[in-house]
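Summary of structural features
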Amino acid sequence: MKFNVRTHVQYPFVALAMLALSACQAVDYGLPKGGNSANPTFVEKTLAVKTGPAAGQVMGTGQTRVALLLPVSAPGNGAAIAEQYRNAAELAIATHGEQSMELVIKDTGGTAQGAIARTEEAIREGSAIILGPVFSGSVTSAVSVARPNNRIMIAFSSDSSAASDGVFLMSFLPGQIVERTVSYATGIGLQTYTAILPNGAYGSLVEGQLRKTLAEKGAILNGVTRYDYNNDSVVAAVQEALPAVEQSDAIFIPDGGTAPIAIARVLQSEGVKLRDKRLIGTGQWRSSNLSSPFLQGAIFADMDQTGFEPFKIRYKEKFGTEPSVNAGLGYDAVTLVAEQLATGSPTALSRHNLEKPSGFHGTTGLFRFMADGGTQRGLSVYQVQEGQVIVVDPAKLYFDTFTANR
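The paragraphs below set out a description of the structure included in this document. (Residues numbered from 1 in each chain as written. Predicted model: local features only at pLDDT ≥ 70, side-chain atom pairs only at ≥ 80, totals over all residues. Heavy atoms only, no water.)

1. Things to note about the overall build of the protein chain
Rule in force here: Counting from the N terminus, the helices are the DSSP runs of H or I reaching at least four residues and the strands are the DSSP runs of E reaching at least two. Using a 1.4 Å probe on the protein chains alone, a residue whose accessible area is under 20% of its type maximum counts as buried, one over 50% counts as exposed, and one in between counts as partly exposed. For this analysis, residues touch if any pair of their heavy atoms sits within 4.5 Å.
Assigned secondary structure in the protein chain consists of eleven helices and 18 strands. Relative to its full complement of 406 residues, the protein chain shows a buried share of 55%. Taking all contacts inside the protein chain whose residues are at least 6 apart in sequence as the whole, residues at least 24 apart take part in 70%.

Set out below in C-alpha cells:
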C-alpha cells in the first residue's frame, strides 16, 4: 500500500495491529495519598480449605487450591491467549514443585457469565485465591462473587478501571508506560511536545496521560493530531501537526508497527529537520523496525527485559514457540502465589502480604500491588542506538525511587 504526499513522494504504510484494550480509561498512576494500606472493610482470613475434587485441568498436588480463570474456549484470539497463560502456569508449577499448590484451570469461555460461574465454582471448591480472568468484563463480573466471599483476585486485564479493592491487575497499564516515558523526557530537558496519535480508545488513553504528565512536569503540549489506519489519514495528520512540530522539542508517537517510521518519513518529506527533534514512543515500538535511520536516538519506556529473556528461552525449549508478555505475566502470578505459600503462613495470601511496599521481582520486572488494585512497575527507559535498544534509565533505580518516596 502506498500514499502520496503533496511533494508526490510515495511511502509505504501497513495497517497496524492495535493493542487489545477493553474500554481503557486514563487514571492517576501516582503514589496513593495516605499510603498503601488495605481497605479495612476487606476482611483478612486464613487460607481456604479444599472441598472435594476440583472441576477443570489440575496441575500440582499441593495442600492449597488456587483457581486460574482463562478464556480457553473463547472465539478469536482468546483461546491462543489462554494457551500462553496455561503453558506459563505449567512452567511455574514445574519450577516450584508439584507440592507448591493445586492449581485448577477453569474455562470462562471469555464471557462475563462464564467468569461468574467459574468463580462460584472455585469458591465452592475451596480455592484460596483467584488468578484471572483475562478480559475486563469478565474481571468486573467475577469480583461480584469473589469480594463477598473474601477472595482476592489477581487478574490480567489491561483496563485500569477493572482494578478495585482486593482485585489486583498483573498487566502493564499503557498509561503508566506513557508517564514513565514522558517523565524521563522532561527530565532530560524536552519541554515542548507534539503528539501524533491513532484514533480510538488507545489514542484517547495515551493523550489523557500525556496531558496529565506534562502538566505535572510544567511542560507544554503544542498540538495533538489523530489518524485512522490508512495512508491518506496518516499524511493528513502529519501535515496538520507541522506548525506544532516546528515549535516542539519532542514528537510523541505511541503506536508501534510501521507507524513510527511512516510518520517520520512524512515529517521529513514536509521539511522537518528530524535531527533537531527527539522522537519518543512506548513499548509498542518493539514491533517496529528499530534499525531504521529515522528512529535512531528515539526513546521509549518498556518492560525491564532482564528476567524476561531467560524466561523466553525456557518457555521455547518446553513448548516450541516464543512466549508473549502474557505468558510472562501468567508465570509471575503463579510464582508469586507459590512463593507466598512457601512461607507456611496461614495469612500468606492476605492483602497485607500482597501489598508490601518493596514489591516483587518477576520475569516481567519489578512490580508492587497498590491498595486500589493497580500495579506499579519498574519500567526501563530505552534509547535506539545503531539499531539496538540501550537502557538509559534502569527500572530498578526508578522503582527504588518511588518506593523510597512512598
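2. Description of the pattern of salt bridges
Between side chains of opposite charge, a pair can form as their charged atoms come close. Convention followed: In the sections that follow, a salt bridge refers to a side-chain nitrogen of Lys or Arg positioned within 4 Å of a carboxyl oxygen of Asp or Glu.
Counted by the stated rule, this structure contains 16 salt bridges. Glu90 serves as the salt-bridge partner of Arg86, at 2.5 Å between the closest nitrogen and oxygen. Pair noted here: Arg86 and Glu90 are both in helix 1 (residues 78–96), with a separation of four residues, about one helical turn. Note on Glu90: relative accessible area 26%, which makes it partly exposed. Linking Glu309 and Lys312 is a salt bridge whose minimum nitrogen-to-oxygen distance equals 3.8 Å. With Glu309 and Lys312 both in helix 8 (residues 308–319) and three residues apart, this pair spans about one turn of that helix. Judged by relative accessible area, Glu309 falls into the partly exposed class, the value being 37%. Several salt bridges share partner residues, and in doing so they unite Lys106, Arg118, Glu121 and Glu125 into one network.

3. Notes on the packing of helix 6 (residues 231–246) against helix 7 (residues 259–269)
For clarity, the threshold we go by: Helix axes use the C-alpha atoms of the stretch in contact, all axes being lines fitted to C-alpha atoms, and the angles between their N-to-C directions lie in the range 0 to 180 degrees. Working rule for angles: under 35 degrees goes down as roughly parallel, over 145 as roughly antiparallel, 65 to 115 as roughly perpendicular, anything else as oblique. The hand of a helix crossing depends on one turn: near helix anticlockwise from the far one by less than a right angle means left-handed, and clockwise means right-handed. The nonpolar class holds Ala, Val, Leu, Ile, Met, Phe, Trp, Tyr, Cys and Pro. Asp, Glu, Lys and Arg form the charged class, and all remaining residues, Gly among them, are polar.
Two elements in contact, helix 6 and helix 7, have axes whose closest approach is 10 Å; the angle formed by their N-to-C orientations is 60°. Taken together, the axes of helix 6 and helix 7 lie oblique to each other. Relative to helix 7, helix 6 is oriented so that their crossing is right-handed. Across the interface between the two elements, Val234, Val235, Val238, Leu242 and Val245 from helix 6 touch Ile263, Val266 and Leu267 from helix 7. The residue inventory of the contact of helix 6 with helix 7, partitioned by class, reads eight nonpolar, no polar and no charged.

4. A short note on the sheet that holds strand 15 (residues 365–369)
Put simply, the rule reads: When DSSP finds two or more bridges between a pair of strands, those strands are recorded as paired.
Strand order in the open sheet made by the three strands is 14-15-16, with antiparallel pairing throughout. A strand with exactly one partner marks an edge of an open sheet, and here the two such strands are strand 14 (360–362) and strand 16 (375–377). Within the sheet, the average angular offset between the axes of one strand and its neighbour, ignoring direction, is 35°.

5. So, the sheet that holds strand 11 (residues 250–252)
Strand order in the open sheet formed by seven strands is 10-9-11-12-13-17-18, and the pairing between neighbours is mixed. The sheet is open, and its two borders are formed by strand 10 (220–227) and strand 18 (388–393), each paired with just one other strand. Each strand axis lies, on average, 25° off the axis of its neighbour in the sheet, ignoring direction. With three bridges connecting them, strand 9 (residues 192–198) and strand 11 associate as parallel partners. Across the sheet, the residue bridging to Tyr193 is Ala250, located in strand 11. In the packing of helix 5 (residues 201–217) onto the sheet, the strands contacted are strand 9, strand 10 and strand 11, and the crossing angle to strand 10 comes to about 175°.

6. Brief notes about the pairing of strand 4 (residues 65–70)
For a regular strand, side chains alternate in direction, first toward one face of the sheet and then toward the other. Just so we agree on the cut-off: Here a crossover is taken to be right-handed if, once the strands point away from the viewer, the path from the first strand over the helix to the second is traced clockwise.
Along strand 4, six of the six residues are buried, which leaves the element largely enclosed by surrounding structure. Side chains Arg65, Ala67 and Leu69 of strand 4 all project onto a buried face; the interleaved residues Val66, Leu68 and Leu70 project onto the opposite face, where all are buried too. In terms of strand pairing, strand 4 meets strand 5 (residues 102–107) through six bridges, oriented parallel. From the neighbouring strand, Val66 faces strand 5, where its bridge partner is Leu103. Where the polypeptide runs from strand 4 across helix 1 and back to strand 5, its parallel neighbour, the crossover connection is right-handed. With three bridges joining them, strand 4 and strand 6 (residues 127–131) adopt parallel strand pairing. Opposite Leu68, over in strand 6, you have Leu131 as the bridge partner.

7. Some thoughts on helix 6
Note the threshold: Expected helix span is given by 1.5 Å per residue-to-residue step, counting one fewer step than there are residues. Given a residue, its bend is the angle between the two axes fitted to the seven residues that end at it and to the seven that start from it. We define a polar contact as two N or O atoms separated by no more than 3.5 Å, with the added condition that, inside protein, one atom must be a possible hydrogen donor and the other a possible acceptor, whereas residues neighbouring each other in sequence contribute only through side-chain atom pairs.
With 16 residues, helix 6 should cover 22 Å at 1.5 Å per step; its first-to-last C-alpha distance of 22 Å lies within 8% of that length. Within helix 6, the axis deviates most sharply at Glu240, by approximately 35°, and proline Pro243 lies no more than four positions further along. Among the residues of helix 6, Asn231, Ser233, Val234, Val235, Ala237, Val238, Ala241, Leu242, Ala244 and Val245 are the ones counted as buried. N-capping of helix 6 is provided by Asn230, with a side-chain oxygen placed 3.3 Å from the backbone N of Asp232.

8. Some words on the environment of Pro346
Along the chain, Pro346 falls in the loop between helix 9 (325–341) and helix 10 (351–354). For Pro346, a relative accessible area of 47% puts it in the partly exposed group. A C-alpha to C-alpha distance of 5.7 Å links Pro346 and Leu47, two positions 299 residues apart in sequence.

9. Some points on helix 9
When the terminal C-alpha atoms of helix 9 are compared, their 24 Å separation across 17 residues agrees well with the 24 Å that a helix rising 1.5 Å per residue should span. Where burial is concerned, most of helix 9 is hidden: 14 out of the 17 residues are buried. Its side-chain oxygen 3.2 Å from the backbone nitrogen of Asn326, Ser324 forms the N-cap of helix 9.

10. With respect to the nonpolar core
Put simply, the rule is: What makes a nonpolar core is a set of buried Ala, Val, Leu, Ile, Met, Phe, Trp, Tyr and Cys residues whose side-chain atoms join them at distances within 4.5 Å.
Counting residues in each nonpolar core, the largest one holds 66 residues, and the members touching the most others are Met101, Leu103, Leu131 and Phe369. With nine residues, the single largest contributor to this core is helix 9. Those residues in contact with Leu131, other than ones at most four positions away along the chain, are Val66, Ala67, Leu68, Leu69, Leu103, Ile154, Phe156, Ala333, Val334 and Val337. The next biggest cluster of nonpolar side chains, apart from the first, holds 28 residues, and it includes Tyr227, Ile253, Ile263 and Leu274.

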